[in-house]
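An overview of the molecular structure
Take a look at the letters that make up each chain.
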Amino acid sequence: MSETTEVELREKPSNFIKEIVEADLESGKTNGKVHTRFPPEPNGYLHIGHAKAICIDFGIAQDYQGQCNLRFDDTNPIQEDVEYVDSIQEDIKWLGFDWQDRLFYASDYFEKLYAFAVELIKMDKAYVDDLNQDEIREYRGTLTEPGKNSPYRDRSVEENLDLFDRMRKGEFADGEKTLRSKIDMGSPNMNMRDPIIYRIKRAHHHRTGDTWCIYPMYDFTHCLSDMLEGITHSLCSLEFEDHRPLYDWYLDTLKTPCHPQQIEFARLNVTYTLTSKRKLQKLVAEKLVNGWDDPRMPTLCGLRRRGFTPDSIKEFCDRVGVAKADSTADIALLFHCLREELNADAKRVMVVLDPVKVVLTNYPEDQVEWFDADNNPENAEAGTRKVPFSRELYIEREDFMEDAPKKYFRLSPGKEVRLKHGYYITCTDVVKDSDGNITEIHCTYDPDSRGGWTKDERKVKGTLHWVSVKHAIPAEVRLYDHLFTVENPAKSESTLEELINPESVIVLKNAFAEPALLEAKPEEHFQFLRNGYFVADRYEFSKETLVFNRTVGLRDSWAKIADKL
RNA sequence: UGGGCCGUCGUCAAGCGGUAAGACACAAGGUUUUGAUCCUUGCAUUCGUAGGUUCGAAUCCUGCCGGCCCAACCA
């Protein structure tokens, strides 16, 4: 018992948010309840950065037997769309989190929010302002100079009530008036300089249609929505720290029955990737990638199509931790989490990406042998499959070298290697075309090495994967790499186009797979022996056309040695 | 230059006054029918910096330096 507890503690380390939550639980502040929320604005696709927020919001609730709501923060109809509310839900579900029946929209509260605004006016804590956008900016002051009061700040409660009512009725043009909080134009915190509560905006809303022409602002909406839902801990990213006094001001001023606590943590950045919504949008709009779910995109749907698993992403977020220091996690950690899972789970299979033909000159012309191959050496329960062997085979072009350095222990003239699950073969001859390109490699096989070993236990260092020519299934394989050439594309001066890694995707159309792959299903993960982890493409894979995406390569210590040669 | 926040190994990150966890990365060995996996070992006399308090400081205090965020009718 105590052992498992220790293991669990080690796997899920604590963090400052949990410490606060635990203290609140102990003091009884929240009546023993933990209730969080994930509040995306439906104006873009979820990405790896959101995954961290999702893991924290849903994870904290889970850890303390609480609940987490999904709430769309849809107060700005101009940039929001149902396309996004659908994709966001799909992505969160895919990650494995469940909001049960608690799917909410800030727009559900528009009527209540309006009533709260009226309340504020009655308390003389809000007023209708006639200043236009430029004037508001001028009156706001700067970072170092205080702002000054609007000439409309002292309107009577009655006049404000009337004006606000008429704002709602549509008597004024867009931008003509705003409802503002009456706080302090001299505050060193810009957010407290009479922040706007409502603006007039005639835009079609994805849920409320055209019933409203005024829409509430984030700060006003968010704290009250949290309050309405009985949220205990409102977790968000660092840039909202300055907004906390305002979050608290609305709730305090309106004397709401409960007062959620906003806690801020550092958002996640990852090397070689971008998480700016604007820039991701640009990549898609300018067709620098093939859509939001391009396997090179850091979007959840992109990572999914690339072959990442939900668990590997969640593990990554757990391992990155939760803190307040700005940070950029190494993408190598994400890949590590993925390999760790796939090494244990993925079925091994042989696929030759860049084929060259091998002819076994002493192997009977029409003979075919079916060898048993284990599906996963890490897991005997994964069973075995049959792999056909014959006189002509494909091997990887890079597994043969005419003038091989000493440390190269793959195939070269006169050298013996093992064909995985097959036989030992020795290279006897090389056939080339008129341009000097290798077209065939002639070898002899040792009949006593059937299955890939011999009684004399002679050392054969190299082991190659292969596919029988007459049984080979053509396949398309897409190799993916970092989308950007630089570690921190967000900080670069170059344009996105200049930063794109020209080798971020390489399409191989001449790959050959062993016949077992005919049974693969879209989104099934494999380890192509000695090559890496691949996934059958979610959309384009079929029995007729095999399409695989490389999720991540295997660690390659030979590449490091070769680099030094 | 006003306000808020942050500075512990290349990257994340524990640490909460008692003498620097862990992970990834990296390096060196060993096992291996995947140059994979796995295993072993190494990797911060030092915590942005300078003082101070203390028997004792990464942890407390003060100054300085560096970074991030805020002047949308965005969230």
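Quick caveat: nothing in here was measured; it's all calculated off a predicted structure. All residue numbers here refer to positions counted from 1 along the written sequence of the relevant chain. As they are written, the chains are lettered A onward and the ligands numbered 1 onward, keeping that order. Where totals are concerned, whole chains, interfaces and linings use all residues; where local detail is concerned, this predicted model gives features only for residues with pLDDT of at least 70, and gives and counts side-chain atom pairs only at 80 or more. Working from all heavy atoms in the structure, the side-chain values ignore hydrogens and water.

Each domain span listed reflects an automatic or database assignment of domains. What the domain assignment lists for chain A is domain 1 (33-270), domain 2 (277-347 + 475-564) and domain 3 (351-465). Once you take the C-alpha centre of each, domain 1 and domain 2 turn out to be 36 Å apart. It only takes one pair of heavy atoms within 4.5 Å for two residues to be counted as in contact. Of the residues lining the interface, 27 residues belong to domain 1; the matching set on domain 2 comes to 29 residues. In this assembly, domain 1 packs against domain 2 so that about 2500 Å² is buried in total across both faces, 66% of it on carbon and sulfur atoms. Put simply, buried area is how much 1.4 Å-probe accessible surface two parts lose in total, over both of them, once they are put together. In terms of surface lost to domain 2, no three residues of domain 1 exceed Ile48, Trp94 and Val270, which account for 28% of the buried area on that side. What counts as a salt bridge is simple: a side-chain nitrogen of Lys or Arg found within 4 Å of a carboxyl oxygen of Asp or Glu. On the surface where domain 1 and domain 2 come into contact, there are 3 salt bridges. We note a salt bridge from Glu241 to Lys324, for which the minimum N-O separation is 2.6 Å. Residues adjacent in sequence count toward polar contacts only when both atoms are side-chain atoms; beyond that, a polar contact is any pair of N or O atoms within 3.5 Å, and within protein one must be able to donate a hydrogen and the other to accept it. At the boundary of domain 1 with domain 2, the tally comes to 10 residue pairs in polar contact (both at pLDDT 80 or more). Looking at the side of domain 1 that touches domain 2, the elements with two or more residues in it are α3 (48-63), α4 (82-95), β9 (261-265) and β10 (268-270). Residues of the side of domain 1 that touches domain 2, tallied by class, amount to 15 nonpolar, 5 polar and 7 charged. Secondary structure elements are defined from DSSP: runs of H or I of at least 4 residues count as helices, runs of E of at least 2 residues count as strands, and each element is numbered from the N terminus. When residue character is reported, Ala, Val, Leu, Ile, Met, Phe, Trp, Tyr, Cys and Pro are called nonpolar, Asp, Glu, Lys and Arg charged, and the others, Gly included, polar.

Here we come to the packing of helix α2 (residues 16-27) against α3. Think of two packed helices as two axes; the pair is described by the angle between the axes and how far apart they sit. With axes taken as lines fitted to C-alpha atoms, and helix axes fitted only over the stretch in contact, angles between N-to-C directions fall between 0 and 180 degrees. Between α2 and α3, the shortest axis-to-axis distance is 11 Å and the interhelical angle comes to 40 degrees. Considering the angle they form, α2 stands oblique to α3. Like other packed secondary-structure pairs, α2 and α3 cross with a definite hand, here right-handed. Side by side, α2 and α3 meet where Ile17, Lys18 and Val21 of the first sit next to Ile56, Ile60 and Asp63 of the second. Class assignment of the residues belonging to the contact of α2 with α3 gives a composition of 4 nonpolar, no polar and 2 charged. Comment on the angle field: the value is read as roughly parallel under 35 degrees, roughly antiparallel over 145, roughly perpendicular from 65 to 115, and oblique elsewhere. Each helix crossing is assigned a hand: it is left-handed if the near helix lies turned anticlockwise from the far helix by less than a right angle, otherwise right-handed if that turn is clockwise.

Moving on, we come to the environment of Glu544. Tracing the backbone shows Glu544 in the loop between β26 (532-536) and β27 (546-553). Exposure categories follow from relative accessible area, calculated using a 1.4 Å probe and restricted to protein chains: below 20% of the type maximum is buried, above 50% is exposed, and the middle band is partly exposed. According to the relative accessible area criterion, Glu544 is exposed, its value standing at 69%. When the C-alpha positions of Glu544 and Met190 are compared, they lie 61 Å apart, and in sequence the two are 354 residues distant.

Where strands meet in a sheet, backbone hydrogen bonds hold them as pairs that are either parallel or antiparallel. The strand order across the open sheet formed by 7 strands is β21-β18-β19-β20-β14-β17-β22, and the pairing between neighbours is mixed. Looking along the sheet, the strands with just one partner apiece sit at the ends: β21 (463-464) and β22 (467-468). DSSP bridges decide pairing: two strands pair if at least two such bridges lie between them. Pairing geometry for strand β14 (residues 355-360) and strand β20 (residues 438-446), over 4 bridges, is parallel. Considered in β20, the bridge of Lys357 is made with Glu440.

For the rest of this paragraph, the subject is the pairing of β14. Burial runs high along β14: 5 of the 6 residues are buried. Examined bridge by bridge, β14 and strand β17 (residues 392-396) share 5 bridges and lie antiparallel to one another. The residue bridging Lys357 from the neighbouring strand is Tyr394, located in β17.

This brings us to helix α6 (residues 133-140). With a side-chain oxygen lying 3.0 Å from the backbone nitrogen of Asp134, the N-terminal cap of α6 falls on Asn132. Backbone geometry just downstream of α6 places Gly141 in the positive-phi region, at approximately 80 degrees.

Attention now moves to the packing of aromatic side chains. Aromatic ring pairs are reported here in terms of the distance separating the ring centres and the angle at which the planes meet. Two aromatic rings, drawn from Phe, Tyr or Trp (for Trp, its six-membered ring), form a pair once their centres lie within 6.5 Å of each other, and the interplanar angle then sorts them: stacked below 30 degrees, edge-to-face above 60, tilted otherwise. Considering all chains together, one arrives at 28 aromatic pairs under this definition. Ring centres 5.4 Å apart and planes at 25 degrees place the aromatic pair Phe72 and Tyr105 in the stacked group. Note that Phe72 is positioned in strand β2 (residues 67-72) and Tyr105 in strand β3 (residues 103-105), a separation of 33 residues in sequence. In this structure, Phe72 and Tyr105 share a single accessibility class: buried. Taken together, the ring pairs in this structure connect Phe110, Tyr114, Phe164, Tyr198, Trp212, Tyr215, Phe220, Trp249 and Tyr250 into an aromatic cluster. Throughout this description, the term charge over a ring refers to an Arg CZ or Lys NZ atom that lies within 6 Å of the ring centre and within 35 degrees of the ring normal. The ring of Tyr114 has Arg168 lying over it, and the distance from NZ or CZ to the ring centre is 4.5 Å.

What follows concerns the sheet that holds strand β1 (residues 35-38). With parallel pairing, 3 strands are arranged side by side in an open sheet as β1-β2-β3. Looking along the sheet, the strands with just one partner apiece sit at the ends: β1 and β3. Between one strand axis and the next, the sheet turns by 35 degrees as a mean value, whatever way the strands run. For β2 and β3, the ladder comprises 3 bridges, and the chain directions are parallel. Residue Phe72 lies in a different strand from β3, and its bridge partner there is Tyr105. Running at roughly 160 degrees to β1, α3 makes contact with β1 and β2 of the sheet.

This part covers the side chain of Asp57. Here Asp57 is to be found in helix α3. We score Asp and Glu as negative and Lys and Arg as positive, and we do not count His or the chain ends. With no salt bridge to any partner, buried Asp57 finds its closest opposite charge in Arg37, at an N-O distance of 4.1 Å. The contacts of Asp57, once residues within four sequence positions are left out, are Thr36, Arg37, Phe38, Pro39, Cys68 and Leu235.

Where helix α8 (residues 218-228) contacts helix α9 (residues 244-253), the axes come no closer than 9 Å and their chain directions differ by 60 degrees. Accordingly, the angle class assigned to the pair α8 and α9 is oblique. Read as a crossing pair, α8 and α9 show a hand that is right-handed. Contacts between α8 and α9 involve Asp219, Phe220, His222, Cys223, Leu224, Asp226 and Met227 from the first element and Leu246, Tyr247, Tyr250 and Leu251 from the second.

The subject of this paragraph is the pattern of salt bridges. As a working rule, side chains carrying opposite charge can pair if their charged atoms are close by. One pass over the structure, following the stated rule, counts 47 salt bridges. Between Arg458 and Asp456 there is a salt bridge, with the nearest N and O atoms lying 3.3 Å from each other. The exposure class assigned to Arg458 is partly exposed, which follows from its relative accessible area of 28%. Sharing partners across several salt bridges, the network here consists of Asp293, Arg305, Glu476, Arg478, Lys509, Asp537 and Glu540.

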